[in-house]
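A closer look at the structure
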There are 2 protein chains.
Amino acid sequence: VVCRGLYRALCIREKYMKKSLQRFPKTPSQFLRNIEGAVWRADECCAPVFTPPVKKDEDPFQMDNLPLDLTYCIRMKGGVVYVYGDTAAASRGDPMDLSYPNLEDFLDDMNFLLALMAQGPVKTYAHRRLKFLSSKFTVHEMLNEMEELRELKNNPHRDFYNCRKVDTHIHAAACMNQKHLLRFIKKSYRVDAARVVYDAKGKKLTLKQLFQQLSLHPYDLTVDSLDVHAGRQTFQRFDKFNDKYNPVGASELRDLYLKTENAIDGEYFATIIKEVGSDLEDAKYQYAEPRLSIYGRSPEEWARLASWFNRHRVYSPNMKWMIQVPRIYDVFRAKNFLPNFGKMLENIFVPIFEATVRPQANKELSVFLRHITGFDSVDDESKHSGHMFSTKSPKPDKWSHEKNPSYSYYLYYMYANVAVLNSLRRERGMNTFLFRPHCGEAGAITHLLAAFMTADNISHGLNLKKSPVLQYLYFLTQIPIAMSPLSNNSLFLEYAKNPLLDLHQKGLMVSLSTDDPMQFHFTKEPLMEEYAIAAQVFKLSTCDMCELARNSVLQCGLSHEEKTKFLGENYREEGPQGNDIRKTNVAQIRMAYRYETWCYELNLIAEGLKTTE
Amino acid sequence: VVCRGLYRALCIREKYMKKSLQRFPKTPSQFLRNIEGAVWRADECCAPVFTPPVKKDEDPFQMDNLPLDLTYCIRMKGGVVYVYGDTAAASRGDPMDLSYPNLEDFLDDMNFLLALMAQGPVKTYAHRRLKFLSSKFTVHEMLNEMEELRELKNNPHRDFYNCRKVDTHIHAAACMNQKHLLRFIKKSYRVDAARVVYDAKGKKLTLKQLFQQLSLHPYDLTVDSLDVHAGRQTFQRFDKFNDKYNPVGASELRDLYLKTENAIDGEYFATIIKEVGSDLEDAKYQYAEPRLSIYGRSPEEWARLASWFNRHRVYSPNMKWMIQVPRIYDVFRAKNFLPNFGKMLENIFVPIFEATVRPQANKELSVFLRHITGFDSVDDESKHSGHMFSTKSPKPDKWSHEKNPSYSYYLYYMYANVAVLNSLRRERGMNTFLFRPHCGEAGAITHLLAAFMTADNISHGLNLKKSPVLQYLYFLTQIPIAMSPLSNNSLFLEYAKNPLLDLHQKGLMVSLSTDDPMQFHFTKEPLMEEYAIAAQVFKLSTCDMCELARNSVLQCGLSHEEKTKFLGENYREEGPQGNDIRKTNVAQIRMAYRYETWCYELNLIAEGLKTTE
């Protein structure tokens, strides 16, 4: 029974990943086909399409190579965008053949998984397997640690410092450290004091006047008065933490320095991000995936963000962009900015569909989308919504009351639209997107269940601690998890209690990320600081650290070409075959151990199913 | 009875500090005089003499301003150097009036303190006072944390980043990080492959030949193969840790890159140290006190070290030098390099006395000594010597068996000679030295007792955990402790269990230091890494961090002029008066709290003595 449950859970994730052109690893797919007595075919593999890296002498903002406009017609229906061949088809209600989701099936699957998570025998099984995985790794370490080290020592020219590592979870608005922001503010004042930079309800202010109005002089500013760093006060207080985005507690400064829309068209924000990018280029082996916000408050947001991106040429070869959507419908609704949740989804997704169908008419946005690799869903997960996603939940266009929908509801509708979008974009030969929500930082464990069905990978995942079944499923499907223990340490969980080490030992696919260097980090290299502290506190070996770095490259939205360069030609193979130690500095012994262990667990399920038959 | 014991303990330390021109704070001195019904006079204060900073356009290696030679005569007697007016006085056995120690008094005092440490009521008293101090700090924090923060926010232009901080404990041979050493080795090979750099028992080798002989090519070298980083293997294994000083496990490379005496006269070592120095100068607010070794194996060591220092002009305004003496008499004796322990002491101290008396005849050494600020005593403290220092212990010149003397024996004879040397050097208008041994990293708690009597300040102090009486005495006398939790984490104690936070909260004078960046740190700024990790793991506030930084400046061997510049004019005052928040960024509320608490505890002793009378 247990194995049948797990088998079906794996099938569920496989289905939703394929449908949305997200990743599901080959090995469990093969096992599933095997169980079904079917033959696994290599072309079953579904893979996202990433934009290849910008070539030398190529302009990342080039607009003359965009595809032609089509006459397709776009309508949102029940919170999901439908694409029609033309207006006639639209009025007939006859959409094109794209991977539209089926809400009822989804809810059925979700309810099945919910029941599975709660089943005693499944819990026991998962718990025991996880415990076994832990102990097995300890044994592996004791036996093979020196062997692993020897492999790495004999691996010429590659060490942890020149392994590629990606900061898989970082917010653009906090991607600089506090000292960097302080220096930038001081510099801007030296250069730009007389420039009109702020529009206070029609009253134009120069930078000097703005600081006078705040009774501040930039020369006196310090990181203390800037006060953007998370301290002891923010623990368990996400609300206080959000206020830390306001330098000196002044939203004016946040608007001026950390926003894309303001009286100077977000020039300072663009400059500071480009500085971070050029620091990464100098460091050479470090990459980052900063998130920019789309709120869904108005349909023009996309055009404005794209225009900011193009105008300031916010590009660095060491950065891949993501879009984060804050789950704050309730805030907008309370202020009457939106009539219902459906409108928010429309504002978020219709413009991208438009740009996908008619790139020539949406040139800036189309260029911008080329650089986007995924979507993130963000907000304080510990807030309880009081809503339970079920067949009785109102459809988004009927969701007009002030309460926020639940996390699962948000995730389903984001996923559904991304899935349709991806199938359309693949048809058009464009890059596709991954769905990579914040998940399991706090709140109910159902969040992790929703992400299991919808997300290519997640950020945080702390709450996997609390559900052995989900943890085991995340292991079996190797869902990447970008963890940020320093961020957690300031917000939700003390460093030493962070499950990172435990999950890594068990063999879950974990990477390290900074979340918000502005708030959490002290040094000039936040990602290195993150690795260094983890290495020190958890006593990680070089092999562990290089494995985390390799995971981060696999998890991220870097293109196939870049991954090939950073990880080796066969990086898409699973197990030791896929590892090129000369590039990754991960010992083959480690890779073999991980692969064997994974296959062993999958095989147990297959065996379990055989005996019941 | 308890208070009488503590009172006498304080008097003992005061006596030995005064005698050796080391520091004893004003506040407890005033309390002691008060208890005695005597009047405290400001001129009672004894202070070490540090060399003022090198002025602009002044040559740090200038030799023409050295004092004239004297005809004094120097003889070592019973392990202590005696100075005589001339040879006649020497043969009469009539030494000059300098602060020679009295071994019997010392042993009496030591035995008194040993008994005190073991007395039940004293232990209870100290334990309760310490517990009170802990709780009091927690209350202080809850009440005043936001006030402290407000003070710091209103403090213009100064924050943690531009507070001066000193790396109070770092070994020159490991002062660069592993990546730096690796880069340096690769660079040296590119430039110097054809240069003769090594002398293998008469056979001269070029750099290329040397690497060929080791079957290595520097291009392939990585931090993994370099293998100088402490890992999990070194925990509780000081022996393995010492081997980590050999890059690629090859002592040839240690000789070439990390030693002052070799076929290239230590040129590479000097260059790499100067690079570290110039990194510190670039960082501007960071200073370091690297230790160079004098072994006492031969009397020429000093001349050779001084010549290395002068030849390569190893100078940086951001570095102050110290001499470390490894406690390895037993090793030398076993190899028959030394006839007895007295000879080792002679080799260590007589050359400096000579240079002090006859600077013109020892120009290089005299210049070198100008840059030295103190002595350190180093080795694995967990090795047990099996010897108990008492009146029955043989004198150093009689100590000819192969066993190593005990830690206390070492400390007494180093202290004794430093005390005489200091009084001679002050007479001559020269700089004096502090005694700053490694102490309490491991081993018996008597080590901490010996340091209480002899040392201006110590490194490590972990074992203060184990003796409430000593911990309380270290608090009352505010003995600075340079702690290195990252080093401890790799060697003796897990990070989260480090007593740093506890001692800091109780109000002991703690600073942060790196010990060996080559072995322990990952980033380019090891001291910042040390602070960052402590801040994250222990959740230190900005005020805590700035207090640690201030402590490090007070503890270190920077000159009066520099300390005035970095801490403010009144830095020698104790309590809030001595703090200039504009320079230190430590809140006055914090300073007032610390001072009140200190005085309260001292006053308790005074009161206790009154009631018994």
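Going by the structure above, here's the rest.
Structural notes, computed from the coordinates. Just so you know, these numbers come straight off a predicted model, no measurement behind them. (Residues numbered from 1 in each chain as written. Chains lettered and ligands numbered in written order. Predicted model: local features only at pLDDT ≥ 70, side-chain atom pairs only at ≥ 80, totals over all residues. Heavy atoms only, no water.)

Looking at the packing of helix H4 (residues 103-118) of chain B against helix H17 (residues 446-454) of chain B
Residue and element names in this part refer to chain B. Taken N-terminus to C-terminus, the directions of H4 and H17 make an angle of 130 degrees; their axes are 11 Å apart at the nearest point. Overall, the two elements H4 and H17 adopt an arrangement that is oblique. In the packing of H4 onto H17, the handedness of the crossing is right-handed. Here Phe-106, Asp-109, Met-110, Leu-113, Leu-114 and Met-117 of H4 come into contact with H17, specifically with Thr-446, Leu-449, Phe-452, Met-453 and Thr-454. The class makeup of the residues in the contact of H4 with H17 is 8 nonpolar, 2 polar and 1 charged. (Axes fitted to C-alpha atoms, helices over the stretch in contact; angles between N-to-C directions. Helix = DSSP H or I, 4+ residues; strand = E, 2+ residues; numbered from the N terminus. Parallel < 35°, antiparallel > 145°, perpendicular 65-115°, else oblique. Left-handed = near helix turned anticlockwise from the far one by under 90°. Contact = heavy atoms within 4.5 Å. Nonpolar A, V, L, I, M, F, W, Y, C, P; charged D, E, K, R; others polar.)

Focus: the sheet that holds strand E7 (residues 321-326) of chain B
All names here are of chain B. Spatially, 5 strands are ordered E3-E6-E7-E8-E9 in an open sheet, and the strand pairing comes out parallel. Only two strands of the sheet have a single partner each, and these edge strands are strand E3 (165-171) and strand E9 (434-435). Relative to E9, strand E8 (residues 372-378) runs parallel, the two sharing 2 bridges. In the strand pairing of E9, Gly-374 is matched with Leu-434. Its contacts with the sheet put helix H15 (residues 363-371) on strand E6 (286-293), E7 and E8, and the angle it makes with E8 is roughly 80 degrees. (Pairing = 2+ DSSP bridges.)

Some thoughts on the sheet that holds strand E12 (residues 481-483) of chain B
All names here are of chain B. Judged by pairing direction, the sheet is parallel, and its 4 strands sit side by side in the order E10-E11-E12-E13 without closing on themselves. Among the strands making up the open sheet, the edge pair consists of strand E10 (438-439) and strand E13 (510-512). Where E12 meets E13, 3 bridges bridge the pair, whose relative direction is parallel. Pairing of Ile-481 across the sheet is with Val-510, part of E13.

Considering the relation of the copies chain B and chain A
Turning chain B through 180 degrees and shifting it by 0.0 Å along the axis lays it on chain A, with an RMSD of 0.0 Å. As the rotation angle and translation indicate, the two copies are arranged about a two-fold axis. Identified as the residue of chain B closest to the rotation axis by C-alpha distance is Ile-533 of chain B, at 3.2 Å. In this assembly, 100% of the residues forming the interface of chain B have copies in chain A that are likewise at the interface, indicating an isologous arrangement. (Least-squares fit on C-alpha atoms with pLDDT ≥ 70 in both.)

Details of the pairing of E6 of chain B
Residues and elements named next belong to chain B. The element E6 is extensively covered by neighbouring structure, given that 7 of its 8 residues are classed as buried. The sheet contact formed by E3 and E6 spans 5 bridges and is parallel. Each residue of the ladder has a partner; that of Lys-165, found in E6, is Gln-286. Taken together, the 3 bridges between E6 and E7 define a ladder with parallel strand orientation. Following the sheet pairing, Ser-293 is matched in E7 by Gln-324. Once you follow E6 into helix H12 (residues 301-311) and on to E7, the crossover reads as right-handed. (Buried < 20%, exposed > 50% of the residue type's maximum accessible area, 1.4 Å probe, protein only. Right-handed = clockwise from strand over helix to strand, strands pointing away.)

As for the side chain of His-504 of chain B
Following the sequence through the fold, His-504 of chain B ends up in helix H20 (residues 500-506). Leaving out residues up to four positions away in the same chain, His-504 of chain B has contacts with Val-510, Asp-544, Glu-547, Leu-548, Arg-590 and Arg-594 of chain B.

Considering the packing of helix H1 (residues 2-19) of chain A against helix H17 (residues 446-454) of chain A
Residue and element names in this part refer to chain A. Remark: H1 packs on H17, axes separated minimally by 7 Å, with the N-to-C direction vectors making an angle of 60 degrees. Taken together, the axes of H1 and H17 lie oblique to each other. Packed against H1, whose contacting residues are Ala-9, Ile-12, Arg-13, Tyr-16 and Met-17, the element H17 presents Ala-451, Phe-452, Met-453 and Thr-454 at the interface. Tallied by class, residues from the contact of H1 with H17 come to 7 nonpolar, 1 polar and 1 charged.

Details of the packing of aromatic side chains
For the coordinates displayed, the defined rule picks out 84 aromatic pairs over all chains. Both rings, one in Phe-132 of chain A and one in Tyr-600 of chain A, keep their centres 6.3 Å apart while their planes meet at 25 degrees; by these two values the pair is stacked. Placement of Phe-132 of chain A in helix H5 (residues 120-153) and of Tyr-600 of chain A in helix H26 (residues 588-612) is noted, with a sequence separation of 468 residues between them. Both rings, one in Tyr-189 of chain B and one in Phe-211 of chain B, keep their centres 5.5 Å apart while their planes meet at 85 degrees; by these two values the pair is edge-to-face. Separated by 22 residues along the polypeptide, Tyr-189 of chain B in helix H6 (residues 178-192) and Phe-211 of chain B in helix H7 (residues 207-213) bring together distant segments of the chain. Of the two residues, Tyr-189 of chain B and Phe-211 of chain B, both sit in the buried class. (Phe/Tyr/Trp six-rings, centres within 6.5 Å; stacked < 30°, edge-to-face > 60°.)

Description of the nonpolar core
Core analysis: the biggest nonpolar cluster contains 385 residues, and Tyr-257 and Tyr-474 of chain A together with Tyr-257 and Tyr-474 of chain B have the highest contact counts within it. Once residues within four sequence positions are removed from consideration, Tyr-257 of chain A is found in contact with Leu-181, Phe-184, Ile-185, Ser-188, Leu-207, Phe-211, Tyr-268 and Phe-269 of chain A. (Core = buried A, V, L, I, M, F, W, Y, C linked by side-chain atoms within 4.5 Å.)

Focus: helix H18 (residues 468-476) of chain B
Residues and elements named next belong to chain B. Among the 9 residues of H18, 9 are classified as buried, and the element is accordingly described as predominantly covered. Restricting attention to buried positions, one finds in H18 the residues Pro-468, Val-469, Leu-470, Gln-471, Tyr-472, Leu-473, Tyr-474, Phe-475 and Leu-476. Of the residues one or two after H18, Gln-478 is the one with positive phi, at around 50 degrees.

As for the pattern of salt bridges
Tallying each qualifying case throughout the model produces 74 salt bridges over all chains. The partner of Arg-358 of chain A in a salt bridge is Glu-354 of chain A, and the shortest N-O contact between them spans 3.2 Å. By relative accessible area, which is 24% here, Glu-354 of chain A ends up partly exposed. A single salt-bridge network, built from bridges that share partners, covers Glu-141, Glu-145, Glu-148, Asp-544, Glu-547, Arg-590 and Arg-594 of chain A together with Arg-232 of chain B. (Salt bridge = Lys/Arg side-chain N within 4 Å of Asp/Glu carboxyl O.)

With respect to the interface of chain B and chain A
Tallying the contact residues gives 49 residues for chain B and 49 residues for chain A. Summed over both sides, the interface of chain B with chain A buries roughly 4,200 Å², with 53% coming from carbon and sulfur. A per-residue breakdown of the area chain B buries against chain A is headed by Tyr-161, Arg-232 and Gln-536 of chain B, which together make up 19% of the total. The tally of links from chain B across to chain A stands at 10 salt bridges. Notably, a salt bridge pairs Glu-525 of chain A with Lys-524 of chain B, separated by 4.0 Å at the nearest N-O pair. In this structure, the connection of chain B to chain A is made through 28 residue pairs in polar contact (both at pLDDT 80 or more). Those elements that provide at least two residues to the side of chain B that touches chain A are helix H5 (120-153), H6, helix H8 (223-226), helix H19 (485-491), helix H22 (526-538) and helix H23 (542-555) of chain B. Of the residues in the side of chain B that touches chain A, the class split is 18 nonpolar, 14 polar and 17 charged. (Buried area = accessible area lost by both parts, 1.4 Å probe. Polar contact = N/O pair within 3.5 Å; in protein donor to acceptor, adjacent residues only side chain to side chain.)

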